Amino acid sequence: DAGVTQSPTHLIKTRGQQVTLRCSPISGHKSVSWYQQVLGQGPQFIFQYYEKEERGRGNFPDRFSARQFPNYSSELNVNALLLGDSALYLCASSWTSGGSDTQYFGPGTRLTVL
Amino acid sequence: DAKTTQPNSMESNEEEPVHLPCNHSTISGTDYIHWYRQLPSQGPEYVIHGLTSNVNNRMASLAIAEDRKSSTLILHRATLRDAAVYYCILRDRAGNNRKLIWGLGTSLAVNP
């Protein structure tokens, strides 16, 4: 079975632009979480969705939004890009949203904001 | 917030056991202890998790202190492929990720 897939792999944007990142979870997984990982740091939690409903949101501004579709895939949108948004954006999927559940991560999307 | 403390870096020799410590003195009774590792240019990979009892799987063992304020990830025979950043994180039973914090992790170097 395919693992978590993310697209695009790399992306270059300029300040003020908007970006949409996509994630396809492992088949059967109903929960998707998004993380931002700045170089040299650990991942920071942005959003979690389960059964198309938002289950949690990290400490990120309203410029960040996400949604989950009926097929459980997900999109992360970032508006009005800042230089500080340059990072690796990771998507993770799991069967449920529970704390004992294993999260499976995709390879990430590397976003560079110039 | 559910915070963990790990050494910044550790070093091991190939085929020797490695013990990676993690302190989590503010752990609550419903927090699960998860370990992930991340190789360069890849997403994190699940290693193991536990609640109260020690756990074993094909990758590693997890030893949890009786008071649950610390835990140790044990790689029984380190290989070069085990060189990675290892993260210890706490996730509450309900999966409330608002309190989820990933620190800097431990960068493990394995010498041939």
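1. Examining the sheet that holds strand β9 (residues 106-111) of chain B
Residue and element names in this part refer to chain B.
- Strands sit in the order β1-β9-β8-β3-β4 across an open sheet of five strands; the sheet is mixed. Across the chains shown, the open sheet's two edge strands, defined by having one partner strand only, are β1 (9-13) and β4 (45-50). Within the sheet, the average angular offset between the axes of one strand and its neighbour, ignoring direction, is 25°.

2. Description of the packing of aromatic side chains
- Within this structure, the stated rule accounts for ten aromatic pairs over all chains.
- Ring geometry for Phe60 of chain A and Phe64 of chain A: centres 5.1 Å apart, planes at 65°, overall edge-to-face.
- Taken together, a centroid distance of 5.4 Å and an interplanar angle of 45° make the contact between Tyr36 of chain B and Trp102 of chain B tilted. In this pair, Tyr36 of chain B is assigned in strand β3 (residues 31-38) and Trp102 of chain B in the loop between β8 (84-92) and β9, connecting sequence segments 66 residues apart.

3. Topic: the state of the cysteines
- Per the stated rule, a full pass over the model turns up two disulfides over all chains.
- The disulfide partner of Cys23 of chain A is Cys91 of chain A, and the S-S distance across this bridge is 1.8 Å. Taking the sign of the torsion about the S-S bond as the criterion, the disulfide between Cys23 of chain A and Cys91 of chain A, at about -60°, is left-handed. With Cys23 of chain A in strand β3 (residues 19-24) and Cys91 of chain A in strand β9 (residues 87-94), this pair connects stretches of sequence that are 68 residues apart. For the pair Cys23 of chain A and Cys91 of chain A, a shared accessibility class is recorded, and that class is buried.
- The side chain of Cys22 of chain B participates in a disulfide bridge whose partner is Cys88 of chain B; the two sulfur atoms lie 2.1 Å from each other. Negative torsions about the S-S bond denote left-handed disulfides, and the value of about -80° found for Cys22 of chain B with Cys88 of chain B makes this one left-handed. Within this pair, whereas Cys22 of chain B is found in strand β2 (residues 18-23), its partner Cys88 of chain B is found in strand β8, the two being separated by 66 residues in sequence.

4. Quick notes on the side chain of Ser74 of chain A
Residue and element names in this part refer to chain A.
- Turning to its location among the elements, Ser74 is positioned in strand β8 (residues 74-78).
- Exposure remark for Ser74: the relative accessible area of 1% places this residue in the buried category.
- Within the structure, the side chain of Ser74 is placed 2.9 Å from the backbone oxygen of Arg67, a separation counted as a polar contact.
- Among residues more than four places away in sequence, those in contact with Ser74 are Leu21, Arg22, Cys23, Val32, Trp34, Arg67, Gln68 and Phe69.

5. With respect to the interface of chain A and chain B
- The interface of chain A with chain B comprises 24 residues on the first partner and 20 residues on the second.
- Roughly 1700 Å² of surface becomes buried between chain A and chain B when both sides are summed, with 50% attributable to carbon and sulfur atoms.
- Interface area lost by chain A to chain B is led by Pro43, Gly99 and Phe105 of chain A, which between them contribute 28%.
- Taken together, the connections running from chain A to chain B amount to zero salt bridges.
- Contributions of two or more residues to the side of chain A that touches chain B are made by β4 (31-37), β5 (44-50), β6 (53-57) and β9 of chain A.
- Split into classes, the residues belonging to the side of chain A that touches chain B amount to seven nonpolar, 14 polar and three charged.

What counts as what
Residues numbered from 1 in each chain as written. Chains lettered and ligands numbered in written order. Predicted model: local features only at pLDDT ≥ 70, side-chain atom pairs only at ≥ 80, totals over all residues. Heavy atoms only, no water. Pairing = 2+ DSSP bridges. Helix = DSSP H or I, 4+ residues; strand = E, 2+ residues; numbered from the N terminus. Axes fitted to C-alpha atoms, helices over the stretch in contact; angles between N-to-C directions. Phe/Tyr/Trp six-rings, centres within 6.5 Å; stacked < 30°, edge-to-face > 60°. Disulfide = S-S within 2.5 Å. Buried < 20%, exposed > 50% of the residue type's maximum accessible area, 1.4 Å probe, protein only. Polar contact = N/O pair within 3.5 Å; in protein donor to acceptor, adjacent residues only side chain to side chain. Contact = heavy atoms within 4.5 Å. Buried area = accessible area lost by both parts, 1.4 Å probe. Salt bridge = Lys/Arg side-chain N within 4 Å of Asp/Glu carboxyl O. Nonpolar A, V, L, I, M, F, W, Y, C, P; charged D, E, K, R; others polar.

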